[in-house]
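# Chain and residue survey
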Amino acid sequence: MHKEIQFPGFKKITAKNMPWDKVVASGHRACQGCGEILAMGMVMKAVGRDAIVANATGCMEIVTSPYPQSAWECPWIHVAFENTGAVASGIEAGLKALHRKGRVQGEMPSVIAFGGDGATADIGLQSLSGALERGHNFVYVCLDNEAYMNTGIQRSSSTPWGASTTTSPAGSKSKGQRTFKKNMPAIAAAHDIPYVATASPAFHLDLMNKVRKAVSVEGPAYLHIYSPCPTGWRCKPEQSIEVAKLAVTSKVFPLYEVIGGEWHLKKTAKPKPVEEYLKTQRRFRHLTPDDIAIIQEHVDWEYARLERLAAMTDSVEDEE
Amino acid sequence: MGKRIGTEVSLGVAEAARLANVDVVSAYPITPQTHIVEELSEYVANGHLDAEFIPVESEHSAMSAAVGAGAAGARVYTATAAQGLALMHEILFIASSMRLPMVMTVANRALSGPISIWNDHSDIMAEKDIGWVQLFVENGQEALDLTLAAFAIGEDHRVLLPVAVNMDGFILSHMIEPMVVPDQEEADAFLPAYEPAMRLDPKNPVTMGPVGMPEVYTEAKVQCEQALLGSKPVVKEVLDRFADQFGRRYELVEKNGKENAKALFLTMGALGETCMTAVDGLIKDGEDVGQVRLRLWRPFPEEEFLEACRGAERIIVIDRALSPGCINGPLAVDIKSLFYGRDDAPEIVNVIAGLGGRDVTTEDFREIYARASGGELDGGYTVWGVKSYA
C-alpha cells in the first residue's frame, strides 16, 4: 500500500535564511579540508540545538570529544562502533516513554545518529537495519569517506573499485580495492522507510534541506553524505569541496532522494568524465586507461539503473 | 497488602519489573531468560505496563538500546543469559563507566561450546569485572524481591550503576514457587520514580562517552571502582529498608548450619538450598559443619565474608564455572586472595560442580564433605563427577 509521505513543519533553508547558530563548535581537531566535519556541521546547522546526537566510534567521535573538551553544544553520546542504530533506538524509545508519561515536557527533540561508512555499511549494519526496520523516529547520517580513516585508511565495503588503501594496496598483483562500493542508500531504501537521500557538502543548500526533510518526516530517515578525506584520498585539503563537486557532476556520487519508495533523481545534463574526478586523488593514481574505462562503465551502469528506478516511479526531473 | 501466589519464578521477576514501572524494556530472546521478557511484552501489549518494549535484533543491541534509553533518563530493564550476555560483553563496561543505572536479570546458563542451554555460572563469571553491582539469588521470592531492590540500589545517587541480578537458569527460573507479590502502592513507596542525575537534554547539554586520553583514563576507571566499592553500604541500606517494609531480610553474606563450625561450604545461587539440606543432614550425623552463601558478588563484601568465616578451619568453595588454565575456579580465586597472608587463613578446598546443568545433589555435598575431611581434595581444584570412558 502506498503511503503519501509528509514533511510537517519543513522549513526550506536558503542563502537568505541560513541559520547563524553552529551546534558543532569550531576548534575541534578534524584535519584540514575534512569533508566529514563540514557535512556534520551543515547537518547540525539545519537541525538546530533541539536535538540529541548519538555518534559511532570514528573520526568524528575522536576529533570532537577528547575529554575535557567537547565541540558539541547539544547533548551528545558515544557508546561504541557498531551500535549507533541501537543506541539511537534506545534514546528515541526512552524519550517517547518519558514524554508519554509526562515526566518530560515539551516537544520531542530530534534524534540524530552519525556513523562513518565502516560503522554504517560494515560493523554497524545489523544494528542500523534493526533500528530502521523497527521504525524508530530518528535520522541516521552516514558520513562516507570511503574507508576506515580513523585507524589509518583501511578499506571498507564502501571503498570504490581501484582505490588504494592500506589494506587494499595497489601493487604488481593488485589494482587496489577489488569490489565496487556497497550500495548503502539502496539497502536503507529496501527497508521501506519514509525518507532516504544522498547529499554532498559541495551542494550545501541541497544537503541542509534534505536534513530538514529527514528530521520532519515521521519515522526513520537515512542520509548518505559523501565526505572527502584529503588525508586518506591523497588530495589537497583546499580541493576537497571541488572533489566533492566533481563526484556529483561525473555521476560517481549522484544526488537523489527516495521518498516513500519513489526515487527522485535530478539528472546531470552534461556529465564530466570520471577520469577528471579520479585524477584529483592519488589513491587512484596507479589506474591505467583501461581501469578507468571499467570505472566509467560501472558509473554509467549504476546511473542508468537510478534513472530506471526513477522512471519506474515516474519521478525523473531535468536538471534545474 | 501484597498477595501470596504460586507462579513461575521468571514471571515473578517480570512482575517485579512491572511493579518498578520501568519505562523501557529492551530485549532479545534467549533461553532460559525468555519467559521474563515475554511476560513483560504482554504487560505492555495489554496496558498493564506503560513502557516502550524494544524487540531488538541482538543482545548487543539490547544492551546498547538500554544505554541509550538510560542516557535519555528512562528506567530500563533487560534480561539475558549465556551467549547473549557474552554478546553484550563490550557494552556492559560502557553502561557502568557511564554510570547508568539499569537492572538486568541474568538467567545463568553455560557458555558454548558444546552448546548447552542449562545452568552454570560460566556466563557471569566471564563478566565479573564489568563494574556492575552483582547479586545472586537463591529462590523465587528472593528473585522477585531483589529485582525490585536492584532498581533502588542502582538509582541511588550515591551509586548510579547498573545492577545484575543473577538467577540460576531453569533450576530457578522455571520453577513454580509460592511468592508474596507486593501491591503497587507498596512498591511505589519502596521505589519512587527514577530521578536521573544526568540525562541527554537539549536544555542542558552534556557530552557522554568522550575520548579518555591517557591523562584521564586511569582516573575515570578509579572513579567507577570507587562508585562500585561505595555501593556496598547502600546495598545494605536498601536491603534493610526492604526488610523494614516487607519483613523479608536479606544479608550480603548469609550463614547457616552449626555456630562456629570447623568446616564451611561456600555457595552462590540456587545450589545454596541443596547445600543447606545436605548440611542439616551432616549436622544430624554429628558433623561440625556450616554454610556460607554469598548474595552480593560485586562489590565483594570482604568484611561480612570474613566475619561469617571466623573460626573456620576449612572452607569448601563450590564453583559453578571452570576457569580453564587458572589456579582455581573464579570464586575460589577471590577467596584465596582474600585470605592470603592472614594468620587465621583456613584451608581452602575448591570443587567445581554442576557444569552445563549437571545435577548436584545432597549426596554430592556429603561426598565432597567426606573427601575434603579425609584430605583427598587438597590444593588446586577438583572438577566434580567427571565420568571416565576409559
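Up top is the structure.
All values reported here derive from a predicted model rather than from experimental measurement. (Residues numbered from 1 in each chain as written. Chains lettered and ligands numbered in written order. Predicted model: local features only at pLDDT ≥ 70, side-chain atom pairs only at ≥ 80, totals over all residues. Heavy atoms only, no water.)

Residues and elements named next belong to chain B. For Gln33, the location among the structural elements is in the loop between strand S2 (24-27) and helix H2 (34-45). Residue classification places Gln33 among the buried residues on the basis of a relative accessible area of 0%. When neighbours within four sequence positions are excluded, Gln33 is seen to be in contact with Tyr28, Ala79, Thr80 and Ala107. (Helix = DSSP H or I, 4+ residues; strand = E, 2+ residues; numbered from the N terminus. Buried < 20%, exposed > 50% of the residue type's maximum accessible area, 1.4 Å probe, protein only. Contact = heavy atoms within 4.5 Å.)

Residue and element names in this part refer to chain B. Given a rise of 1.5 Å per residue, 16 residues ought to cover 22 Å, and the 22 Å separating the end C-alpha atoms of helix H9 (residues 231-246) matches this to within 8%. What H9 keeps buried is the set Ser231, Lys232, Val234, Val235, Val238, Leu239, Phe242, Ala243 and Phe246. Buried residues in H9 make contact with strand S6 (133-136), helix H6 (140-155), helix H7 (184-190), helix H8 (214-229), strand S13 (296-298) and helix H11 (302-308). Positive phi appears at Gly247, one or two residues downstream of H9, with a value of about 80 degrees. (Expected span 1.5 Å × (residues − 1).)

Another aspect to go through is the side chain of Arg283 of chain A. Residues and elements named next belong to chain A. Along the chain, Arg283 turns up in the loop between helix H10 (274-278) and helix H11 (289-312). Looking at Arg283, its side chain comes within polar contact range of the side chain of Tyr277, at 3.4 Å. A polar contact is formed between the side chain of Arg283 and the side chain of Gln281, at a distance of 2.8 Å. Excluding residues that lie within four positions of it along the chain, Arg283 makes contacts with Glu146, Pro160, Gly162, Ala163, Ser164, Gly232, Trp233, Arg234 and Tyr277. (Polar contact = N/O pair within 3.5 Å; in protein donor to acceptor, adjacent residues only side chain to side chain.)

The pairing of strands in a sheet comes from backbone hydrogen bonds and takes either a parallel or an antiparallel form. All names here are of chain B. Overall, mixed pairing links the seven strands, which are arranged S3-S2-S4-S5-S7-S6-S13 in an open sheet. Strand pairing shows two members of the sheet lacking a second neighbour, strand S3 (52-55) and S13, which therefore form its edges. With strand direction ignored, the average angle separating the axes of adjacent strands in the sheet is 20 degrees. In this structure, S2 lies alongside S3, joined through four bridges in parallel fashion. Along S3, the bridge assignment pairs Ser26 with Ile54. (Pairing = 2+ DSSP bridges. Axes fitted to C-alpha atoms, helices over the stretch in contact; angles between N-to-C directions.)

The next point concerns helix H5 (residues 125-134) of chain A. For H5 of chain A, the set of buried residues is Ser127, Leu128, Gly130, Ala131, Leu132 and Arg134 of chain A. In the segment just after H5 of chain A, Gly135 of chain A is the residue with positive phi, at about 80 degrees.

What follows deals with the packing of helix H3 (residues 84-100) of chain A against helix H3 (residues 59-71) of chain B. Between H3 of chain A and H3 of chain B, the least distance of the axes is 6 Å, while the angle of their chain directions is 45 degrees. Between H3 of chain A and H3 of chain B, the interaxial angle falls into the category oblique. Considering how the two elements wind past one another, H3 of chain A and H3 of chain B form a crossing that is right-handed. Counting all contacts with H3 of chain A, which are made through Ala86, Val87, Gly90, Ile91 and Gly94 of chain A, the residues of H3 of chain B involved are Ser61, Ser64, Ala65, Gly68 and Ala69 of chain B. For the contact of H3 of chain A with H3 of chain B, the per-class residue count stands at five nonpolar, five polar and no charged. (Parallel < 35°, antiparallel > 145°, perpendicular 65-115°, else oblique. Left-handed = near helix turned anticlockwise from the far one by under 90°. Nonpolar A, V, L, I, M, F, W, Y, C, P; charged D, E, K, R; others polar.)

Another point: the nonpolar core. Ile77 and Ile91 of chain A together with Met63, Tyr77 and Phe305 of chain B are the most contacted members of the largest nonpolar core, which has 144 residues in total. Per-element accounting of this core gives the leading share, nine residues, to H6 of chain B. In contact with Ile77 of chain A, not counting residues within four places along its chain, are Val53, Ala54, Asn55, Val87 and Ile91 of chain A together with Val67, Ala71, Met98, Leu200 and Met208 of chain B. Listed in part, the 39 residues of the second largest apolar core include Ala39, Met40, Ala51 and Leu143 of chain A. (Core = buried A, V, L, I, M, F, W, Y, C linked by side-chain atoms within 4.5 Å.)

With that settled, the discussion passes to the pattern of salt bridges. Residues and elements named next belong to chain B. A complete count under the given rule lists 40 salt bridges over all chains for this structure. A salt bridge links Lys262 to Asp288, with the nearest nitrogen and oxygen atoms 4.0 Å apart. One end of the pair, Lys262, is in the loop between strand S10 (253-257) and strand S11 (263-267); the other, Asp288, is in the loop between helix H10 (271-284) and strand S12 (289-294), and 26 residues separate them in sequence. Exposure remark for Lys262: the relative accessible area of 43% places this residue in the partly exposed category. (Salt bridge = Lys/Arg side-chain N within 4 Å of Asp/Glu carboxyl O.)

All names here are of chain B. Taken in spatial order, the six strands make up an open sheet running S10-S12-S11-S14-S15-S16, and their pairing is mixed. Two strands in the sheet have a free side with no partner beyond their single neighbour: S10 and strand S16 (381-383). Each strand axis lies, on average, 20 degrees off the axis of its neighbour in the sheet, ignoring direction. In the sheet, S11 pairs with strand S14 (residues 314-319) via four bridges, with the strands oriented parallel. Looking at the pairing, Leu264 lines up with Ile315 of S14. Sitting on the sheet, helix H13 (residues 362-373) touches S11, S12, S14 and strand S15 (347-352), and the angle it makes with S14 is about 135 degrees.

Residues and elements named next belong to chain B. Alternating positions in S2 separate into two faces, Val24 and Ser26 on one and Val25 and Ala27 on the other, with burial throughout. Handedness of the S2-H2-S3 crossover: right-handed. Across two bridges, S2 lies against strand S4 (residues 76-80) in parallel orientation. Residue Val24 lies in a different strand from S4, and its bridge partner there is Val76. (Right-handed = clockwise from strand over helix to strand, strands pointing away.)

It is worth spelling out the interface of chain A and chain B at this point. Often, the extent of an interface is quoted as the loss of accessible area on bringing the components together. Contact residues are listed per partner, giving 43 residues for chain A and 41 residues for chain B. When the two sides are added together, the surface that chain A and chain B hide from each other amounts to roughly 3100 Å², 61% of it contributed by carbon and sulfur. The largest share of the area that chain A buries against chain B comes from Tyr67, Lys101 and Arg134 of chain A, three residues that together contribute 16% of it. Viewed at the interface, chain B and chain A are joined by six salt bridges. The partner of Arg100 of chain A in a salt bridge is Glu52 of chain B, with the nearest N and O atoms 2.6 Å apart. (Buried area = accessible area lost by both parts, 1.4 Å probe.)

This brings us to the packing of aromatic side chains. The way to describe two aromatic rings as a pair is by their centre distance and the angle between their planes. Evaluation of the coordinates by the stated rule reveals 19 aromatic pairs over all chains. Taking the centre distance of 6.0 Å and the plane angle of 20 degrees together, the rings of Trp72 of chain A and Trp76 of chain A count as stacked. When sorted by exposure, Trp72 of chain A lands in the same class as Trp76 of chain A, which is buried. Measuring from ring centre to ring centre gives 6.1 Å for Phe81 of chain A and Tyr148 of chain A, while their planes differ by 80 degrees; the resulting arrangement is edge-to-face. Taken together, the positions of Phe81 of chain A in the loop between strand S2 (76-78) and H3 and Tyr148 of chain A in the loop between strand S4 (139-144) and strand S5 (170-171) put the pair 67 residues apart, joining distant regions of the chain. Here the aromatic cluster, defined as three or more aromatic residues joined through ring pairs, consists of Phe190, Phe242, Phe246 and Tyr250 of chain B. In this structure, Arg283 of chain A packs its charged tip against the face of Trp233 of chain A, placed 4.0 Å from the ring centre. Positioned above the aromatic ring of Trp297 of chain B, the side-chain terminus of Arg298 of chain B is 4.1 Å from the ring centre. (Phe/Tyr/Trp six-rings, centres within 6.5 Å; stacked < 30°, edge-to-face > 60°. Lys NZ or Arg CZ within 6 Å of the ring centre and 35° of its normal.)

What follows deals with the environment of Val279 of chain B. Residue and element names in this part refer to chain B. Mapping Val279 onto the fold places it in helix H10. The buried category is assigned to Val279, whose relative accessible area is 0%. Sequence-wise, Val279 and Ala69 are 210 residues apart; in three dimensions their C-alpha atoms are separated by 45 Å. Discounting residues that sit within four places of it in the chain, Val279 has contacts with Gly257, Phe265, Val289, Gly290 and Gln291.

Moving on to unusual backbone geometry. In this structure, Pro68 of chain A follows Tyr67 of chain A across a cis peptide bond, with omega equal to 10 degrees. Residue Gly113 of chain B follows Ser112 of chain B across a cis peptide bond; omega there is 0 degrees. You can see Gly113 of chain B is positioned in the loop between strand S5 (103-108) and helix H5 (122-125).

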